[in-house]
Amino acid sequence: MKLLPSFFFFVLLALQANAQSLQRVAPEQVGMDSRHLLYADEAIETAIANKDIPGAVLAVVRNGKMAYLKAYGNKRVYPNTEPMTVNTIFDMASCSKPMSTAICTHILAERGKLRLLDPVSLYIPEFKSWMSEDGKGKKIIRIADLLTHTSGLPPYAPTSELEKQYGSPSPDGMIEYIANCHRDFKPQTDFQYSCLNYITLQRIIETVSGQSLRDFARENLFDVLGMAHTDYLPCKRDKDGKWINTADAHWTTSTEGDWHSLIAPTEKQSDGSVLCGQVHDPLARVMNGGISGNAGVFSCAEDIAVLCAALQNGGEWNGHRILSPLGVKAMRTVPRATATLGRTLGWDNFTAYASNNGDYFGPNTYGHTGYTGTSIIIDPDNDTSVILLVNAVHPEDGHSMVRLRSLIANVVAASIYPTPRIYTDHYYKRFLQFMDEPAITSKDIVMVGNSLTEGGGNWNTRLNKKNIRNRGIIGDEVMGIYDRLHQILPGHPKKLFLLAGVNDISHDLTADSIVSMIRMTVERIQRESPDTKLYLQS
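Residues numbered from 1 in each chain as written. Predicted model: local features only at pLDDT ≥ 70, side-chain atom pairs only at ≥ 80, totals over all residues. Heavy atoms only, no water.

J.: Is there a simple way to explain the pattern of salt bridges in this structure?
T.: A side chain with one charge can pair with a side chain of the opposite charge if their charged atoms come near. Taken as a whole, this structure holds 18 salt bridges when the rule is applied. Residue Asp-172 pairs with Arg-203 through a salt bridge whose shortest N-O separation is 2.9 Å. A residue pair is termed long-range when its members are at least 10 positions apart, and Asp-172 in helix 6 (residues 171-180) and Arg-203 in helix 7 (residues 195-209) qualify at 31 residues. You can call Asp-172 exposed: its relative accessible area is 56%. Salt-bridge contacts for Arg-471 lead to Glu-437; the nearest nitrogen and oxygen are separated by 3.3 Å. Of this pair, Arg-471 sits in the loop between strand 17 (468-470) and helix 16 (478-482) while Glu-437 sits in the loop between helix 13 (425-436) and strand 16 (445-448); the two residues are 34 residues apart in sequence, bridging distant segments of the chain. When its relative accessible area of 2% is taken as the criterion, Arg-471 is described as buried. Each of Glu-437, Asp-444, Arg-469 and Arg-471 takes part in salt bridges that share partners, so that together they form one network. (Salt bridge = Lys/Arg side-chain N within 4 Å of Asp/Glu carboxyl O. Helix = DSSP H or I, 4+ residues; strand = E, 2+ residues; numbered from the N terminus. Buried < 20%, exposed > 50% of the residue type's maximum accessible area, 1.4 Å probe, protein only.)

J.: What should I look at first to understand the nonpolar core in this one?
T.: Nonpolar side chains in soluble globular proteins tend to be buried together. With 78 residues, the main nonpolar core has Met-92, Met-99, Met-174, Leu-196, Leu-307 and Ile-376 as its most contacted residues. Counting residues per element, this core draws most heavily on helix 10 (residues 301-312), which supplies nine residues. When sequence neighbours within four positions are dropped, the list of residues in contact with Ile-376 reads Met-92, Cys-95, Met-99, Ile-304, Cys-308, Trp-347, Asn-356, Tyr-366, Gly-367, His-368 and Val-386. One finds Ile-48, Phe-361, Val-390 and Ala-409 within the second-largest nonpolar core, a separate group that totals 30 residues. (Core = buried A, V, L, I, M, F, W, Y, C linked by side-chain atoms within 4.5 Å. Contact = heavy atoms within 4.5 Å.)

J.: Looking at this structure, how should I read the sheet that holds strand 15 (residues 384-389)?
T.: Strand pairing within a sheet occurs via backbone hydrogen bonds; the two strands may be parallel or antiparallel. Spatial ordering of the open sheet is given by 3-2-1-15-14-13, a layout of six strands whose pairing is antiparallel. One side of each edge strand has no neighbouring strand; the edge strands of this open sheet are strand 3 (82-83) and strand 13 (366-369). As paired elements, strand 13 and strand 14 (residues 375-379) share four bridges and run antiparallel to each other. Bridge pairing in strand 14 links Gly-367 to Ile-377. (Pairing = 2+ DSSP bridges.)

J.: Hey, could you run me through the pairing of strand 19 (residues 533-537) in this one?
T.: On a regular strand, one side chain projects to one face of the sheet and the next to the other, so that they alternate. The sheet contact formed by strand 18 (residues 495-499) and strand 19 spans five bridges and is parallel. Each residue of the ladder has a partner; that of Phe-497, found in strand 19, is Tyr-535. Handedness of the strand 18-helix 17 (residues 511-528)-strand 19 crossover: right-handed. (Right-handed = clockwise from strand over helix to strand, strands pointing away.)

J.: Sorry if this is basic, but what is going on with helix 7 here?
T.: Owing to its 3.6 residues per turn, the α-helix brings residues three or four apart onto one side. Spanning 15 residues, helix 7 covers 21 Å between terminal C-alpha atoms, matching the ideal 21 Å at 1.5 Å per step. Counting buried residues along helix 7, 11 of its 15 residues qualify, which places the element largely inside the surrounding structure. Along helix 7, the residues classified as buried are Cys-195, Leu-196, Asn-197, Tyr-198, Ile-199, Thr-200, Leu-201, Gln-202, Arg-203, Ile-204 and Ile-205. The elements touched by buried residues of helix 7 are helix 3 (96-110), helix 4 (143-147), helix 6, helix 8 (213-222) and helix 9 (282-287). Two to three positions downstream of the cap, the backbone nitrogen of Leu-196 sits 3.1 Å from a side-chain oxygen, assigning the N-cap of helix 7 to Ser-194. (Expected span 1.5 Å × (residues − 1). Polar contact = N/O pair within 3.5 Å; in protein donor to acceptor, adjacent residues only side chain to side chain.)

Note that all results are geometric; they support no functional claim without further evidence.
Shown next, in the form of C-alpha cells:
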C-alpha cells in the first residue's frame, strides 16, 4: 500500500503529459493571410504603446488548428516588469460563465440530472419567483432564464455589505441574498446581464452533482479535454488582510518554481500588493472564496483553443467528448422564448455586449468577454475562433477593451480568403519558425534563398560576423520568397542576400516568367525597404 501514493502521482503526470495542444500551422494552410494578420499585431502594439494595456496574447483557431498564436508586451509592469508569453495564464473573469458554468449545466442536463425548464426553486427551495407589484402576478424563474440572463435578477450585489452581514467567504450567505433579493422584471420579458444568474447556476450544479464547481469542471470538462493549465483557484484573506490562495493550482506538478509565476497579475490593492492567482471579481473572491459561477476560472490561450475546437467539432476533441452535437448547438442558439433578446443558453449572440464579435463574422457568431480584458468569439459558419487575452486591469483598473476587441475581430475575419499559392510542409514549418524568432532589425543581414541558404546553418559562425539571419528554405521558389517578405521588410534590414530562381526552373517555367517574378520581388524590396542593400544571385 505504501506504493499507491507514488503510483497515483505518476498517473497524474501521465495524464498531464497526454494533454495535447492544437496543431500549429501557418495561416495560409487554413485559408488565412498572414500578411493581413499583421494588422492585428499593429492594433495590439498601438494599445500597448498608448498604455491602454500592458500586453496581450492572441490566438486564432481555424479548422481545428492553431492558425495564429502570439504574445505582446508584458504580463506584469508592477512592481517589476515581466514579458508576456504565449503560455501566460489569465484570470478569465466572466468568460468563466460560458467556458465552465454553462457547459457544466448542459453536461448535467444531457445526463438527465436536470432540465433547463426546471424551476430554480426545485434546487434552492427558498428561491423566490417574480411577483408583480400588486402581488397578483407571479412567474417562476427557470434554469434557462439564468443561462440567458432573462431572469430579472439584479446585475450584481453589494459585496461589502454582504461581507459585513455574512463574513468572508460565505457561499451560503451569497445564495441567501440572491434567493430573496428584488427581481427587476418578469422573467423572459427583458435582458439584463447578471453575475447573480451564474452564481445561482453554480449552486444548482453543486447540489445536483454533490461536488464543488471546481471539482466537477475539472473531472468532466478540463481534464477530459486535457486543459492542464485551467483551474479555479481558491483564496481568502490572511491575518494581515492580504489575499492568498488556499490550495495549489492543478498545474503545480508541471511547473518549475512557484506556480503563480505563469499567471498574469491583475489589479494593485490598497496595501500595494497585486492580485495574482486570486480572482479579480469581488463577489467571486470575497463571498465565494475564488470558486464562483460568475468568475474564477484561470486559463491560457492554448487550453481555450482546445475548448473552442471541441465546440466547433460537435463537443468532441481528440477522441474525448464533453457534450453532444445537439447540446453544443442548443448552447449556441438563442431560444425561441427569448429570440429577440440575443443571448444563447450560455453565450452572447447579438446583445449590446457582443461588440467583440466585430463587424464581419457571420450572424451565428457567439462569444463572451471578461472584465479583466479577456474575450472569446466563435464563428461556426467559418470555423474560426478568436481568443484575445489581456490583463487590462493591471496595474490599475480604468481601461476599456471594447474597441480593441472589435478591431482584432475585424482583422481576423478579413484575413479569411483563399490562398493563391500553397507550398510544402517544410516551407510552413520554417515559416512558423521565422514567426517565432525576434523581429528583423536594421542591424541585420538577412540570407534568403533555398537549400544552399538554409543548409548554411549558422551564417554568423560560417562568416565570422554578427547579426546574420538565415531565412532560407530548402526547395524554395521565387513566389515563396515574395509571400514571406512581410516577415523581413518591416525591419528594414541592413543587407539582404537573395538567392532565387533555381528551383523554379524545375517547374517547367519559362525564363521570362522566372525573371518577371524575380523582378516583382526585387521591386517590392526596393519599394518597402529602400535603404536595404540588395545582393541578387540567380
